[in-house]
Amino acid sequence: MTAFLREALPVAVQACFVYLALTYLLFFLQLVVAAVENLRRSREERIEDYRLLANSRFTIPVSVIIPAYNEAAVVLGAVRSALDFDYFDHEVIVVNDGSRDDTMAVLIREYDMHPYQVFYRRTMPTEEVRGIYRSARAPRLLVVDKANGGKADALNMGINLSRYRYVCCLDADSMYERDALLKGMRLAVADPARVVGVTSVLAVGLHPERQGSVRDAARRMDRSMLINFQHLDYQRSFLNNRSAWSRLDYMLCAIGAFMIWRRDVLVEMGGFSRDFTCEDIEMTFRVYERLLREGRPCRILALPDTLATTEGPAQISALVRQRARWQRVILETVWHYRRMLLNPRYKTVGLIGMPFYVITEVLAPVFELGAVVTLVLAVLFHAFDFGEFLLFLVAISMLNAGFTVAALFVQDRMMRELQWRDLLHLVLISPLELIAYRPWLTWARLKGTIEYFRGRKGWDKFDRNVRQAALARAGGAGPP
Amino acid sequence: MGLVFAVAAWALLAVWMLADRALYELNHRGVRVRGHRLVPRGPEQPPEMHAERARGLLARLPAAVIERLAADAGLPRWLTEPFAAHTLARKGAARFLRAASAHRGGRGRWRRIAALRILCAGGHPDAPALLRSALLSGDPDLVGAAVSLLGDQRSPAAAEQLIQALRERLHPPSRVAARLDRFPLLVPDLILPLVRDPDPAVRFWGATLLARYGARPDVAPALVGLVTDDDASVRKAAVESLGAVGGGEADTTALRLLEDPVWFVRAHAARALGDLERADLAPRVLPLLADPQWWVRAAVKDALQAMGPAVAPAVAGVLGHPDRFARNGAAEVLQNLGVLDELAGRAARGEASAEDQALLARAGAAGGIAPTPGTARRILPMAADRVRVLLPGPVGLEGHGR
């Protein structure tokens, strides 16, 4: 046995190394493509006349849908920022998905909501509607109070009530820039026959309401290493990867916190599915699967602009739960749509996007676990030079940090919104990410993989500890 | 070796980024361009303050930054015009004329667009010819920039070029039309011929754009002439514009199109009547509350609400309609017009006539609307019980649209 392990160890090390080299090669190639895409979008930005778009009667109206479940502490920020969108015509539909907290009460109080009967078209079946409320103060706002059915069900309810050709799905825990809708819709209306969806970049914070509408002031990073690491993680993922996916037409994850969809496409798909842990990534896969299979035009684009700030988990346990959920839904979705893998009918989605997902997401926990086991065995069998290992670890940390700084660079060039000290802080902590943050993600991925095989489907929403406390201190008046 | 490479890559990128940021800060002297501090939010400032602000920035910012800002589409004209004039005076127009006349490669395209913007903002006499050449270039970004710049020109020739772009589909027609719709000059003589174009898409945009020129006596007849167009989109655009324009024949035309075989024409005809705010025409619109198409029914409800509370008696008559969609729609309109609240309020105060009480009860029972919890909570929580007595109980919606 010992002899076998001694022989197997170098093979395991080589396998891990090959996997690592392959993933970093893929990331590097994507970084190059993303750089081209980000540069193009940045140049487009300079020639686009947003004032005309914001004021023209030919700008297509949008129905904004905000599902909310137990979001009393945070929902007002999201609703306020959505109502404040700089846009010619939009409605905001908040769907209270059977919250057990004061979400409804907070909305009713803040916006002077009154119950109305609305004879809506039930395009998609949803849980029972308890009431529909209109605001005396904000004519654009409609609030639906319904029995709990999950986020997908709440979104479907919003689609049923929506009146316009495009819907923009937002999260109740995020704050949005005033020009978010305008920037997203610019891409949608430029080629409405082909562009069916648009998504964007998010920033992460503990208090998104302090960071929203950053156009008037520099963005302030929260002083929490966990949040800062999440922010870096998001920036790298969006600006290095998703911009490339967008460019190469396999944008396989339109994020739930900001996704614009053509309403007819959502209706044709039968709405968001309740059979999966999360609804956003599954819808993206489903749209590609259907439209590409039928040979119909289909593009889902990602903007490199940071259009929203979302609340990140403030504790490691909450982060692990969140990321385990993400891992579950990735596995559920990739398995469900496995027919697309390496299938030329699905173009770049099948030939590049799906293999990328399999290599970097599905197989990641296997290789990460393999690397840890190999390390432990190597220590046990003294087949291990600790000095070399440390050097290797530092090299990988720095390589990872290089990718992170590349994303920060893109973000800074596009937005110029971070203060000097925050920029410097993020650069300096970037090499620590692999050691201080990544292990938790590895654990979360493993956990999510195990949960997937056990058939778990729960949402595992994290508590709004920080903002809840702020709300309590403010006497329940809502976010500042 | 790998470690050295990784550390060097990280350090190089970090230093590059920080140096780039430092250079940016130095050049912009504390002015955050994309951050809108250049153009403070809030009420519009008087022109003299604009001029003063522009002068201050010209004195403060380096020439390269001023040049870049002069070509920035996100900035207002009161900044780009003096910046462009300053740039042209300082660097000479020849360089920009060269860059704006042709391009090679991706970067060249963006330089060409920047040069065009500067020449236009600086009011250079060759700018119109260069815009024309850009418009016909076939490059989507360049054509888009040319359309955008033409839309800001105060000359009929620019409008003619935009109309050419619309006819020949040199750029997405909605974007060109948006420019024409907000063109600085009124150009009805250029728009009117569009409604006689053989291409239905051009006629559609012509009819849509005429909504801005309702004061011209020949506009309404031109729109009326389109209601028999073979293309449904053109009929829809015509009736939509007639709703905005008004005039003698707008109502009769819209009424005629309520019977159009195409659903979206009927929907827009109803909306047009709503825009005309003719409550006396409500009885003609009401039958469409039972239209087979959901969107028509929704448009009719909007139209009736736009006509105002005067439609209430006519709408109340539909509460007994055999079609459940019509009943529900009528009750919803009465609710949204505040009629139910008013009746319930009277009932709560003990001032409701027998007729009021009967209508309230019909709205609750036959209309399929559930004013019991809603209306009572809206008017006077104290009187909720009293109002509830008048109603047959919460009935909810009878069904859902298809």
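Quick caveat: nothing in here was measured; it's all calculated off a predicted structure.

Undergrad: How should the pairing of strand β1 (residues 62-68) of chain A be read in this particular structure?
TA: Residues and elements named next belong to chain A. For β1, a buried count of seven out of seven residues is recorded, marking the element as mostly surrounded by other parts of the structure. Side-chain alternation along β1 places V62, V64, I66 and A68 on one buried face and S63, I65 and P67 on a second face that is also buried. Running through helix α3 (residues 75-83), the crossover from β1 to the neighbouring parallel element strand β2 (residues 90-97) is right-handed. The pairing of β1 with strand β6 (residues 166-170) spans four bridges and is classified as parallel. From the neighbouring strand, I65 faces β6, where its bridge partner is C169.

Undergrad: What is the right way to read the interface of chain B and chain A from this model?
TA: When the parts of a complex come together, some accessible area is lost, and that lost area is often used as the size of the interface. Each partner contributes residues to the interface: chain B has 44 residues there, and chain A has 40 residues. Breaking the side of chain B that touches chain A down by element, the ones donating at least two residues are α1 (2-28), α6 (105-121), α8 (140-150), α10 (173-181), α20 (324-336) and α23 (371-379) of chain B. A total of 12 residues in the side of chain B that touches chain A trace back to one element, the largest contributor, which is α1(B). In terms of residue class, the side of chain B that touches chain A is built from 21 nonpolar, 12 polar and 11 charged.

Undergrad: Sorry, what's going on with the nonpolar core here?
TA: In terms of nonpolar packing, the biggest core is built from 262 residues, with A:I66, B:L116, B:A270, B:V285 and B:V315 touching the most fellow members. No other element matches helix α14 (residues 386-415) of chain A, which puts 12 residues into this core. The residues touching B:A270, leaving out its near neighbours within four places in the chain, are B:L258, B:V285, B:L288, B:V296, B:A299, B:V300 and B:A303.

Undergrad: Would you explain unusual backbone geometry in this entry?
TA: Glycine aside, the phi torsion of most residues is negative, and most peptide linkages are trans. The phi torsion at A:K347 lies on the positive side, around 50°, for a residue other than glycine. Here A:K347 shows up in helix α12 (residues 347-362). Here the phi dihedral of B:R169 falls at roughly 50°; this positive angle occurs in a residue that is not glycine. Examined against the element boundaries, B:R169 turns out to sit in the loop between α9 (156-167) and α10.

Undergrad: Hey, could you run me through the packing of helix α14 (residues 232-245) of chain B against helix α15 (residues 250-257) of chain B in this one?
TA: How two helices sit against one another is set out by the angle between their axes and by the gap between those axes. All names here are of chain B. Relative orientation of the contacting elements α14 and α15 amounts to 145°, with a least axis distance of 9 Å. For the element pair α14 and α15, the recorded crossing hand is left-handed. Across the interface between the two elements, R235, V239, L242, G243 and V245 from α14 touch A250, T253, A254 and L257 from α15.

What counts and how
- Residues numbered from 1 in each chain as written.
- Chains lettered and ligands numbered in written order.
- Predicted model: local features only at pLDDT ≥ 70, side-chain atom pairs only at ≥ 80, totals over all residues.
- Buried ≥ 20, exposed ≤ 12 C-beta atoms within 10 Å, placed from the backbone.
- Helix = DSSP H or I, 4+ residues; strand = E, 2+ residues; numbered from the N terminus.
- Right-handed = clockwise from strand over helix to strand, strands pointing away.
- Pairing = 2+ DSSP bridges.
- Contact = placed C-beta atoms within 7 Å.
- Nonpolar A, V, L, I, M, F, W, Y, C, P; charged D, E, K, R; others polar.
- Core = buried A, V, L, I, M, F, W, Y, C linked by C-beta atoms within 7 Å.
- Axes fitted to C-alpha atoms, helices over the stretch in contact; angles between N-to-C directions.
- Left-handed = near helix turned anticlockwise from the far one by under 90°.

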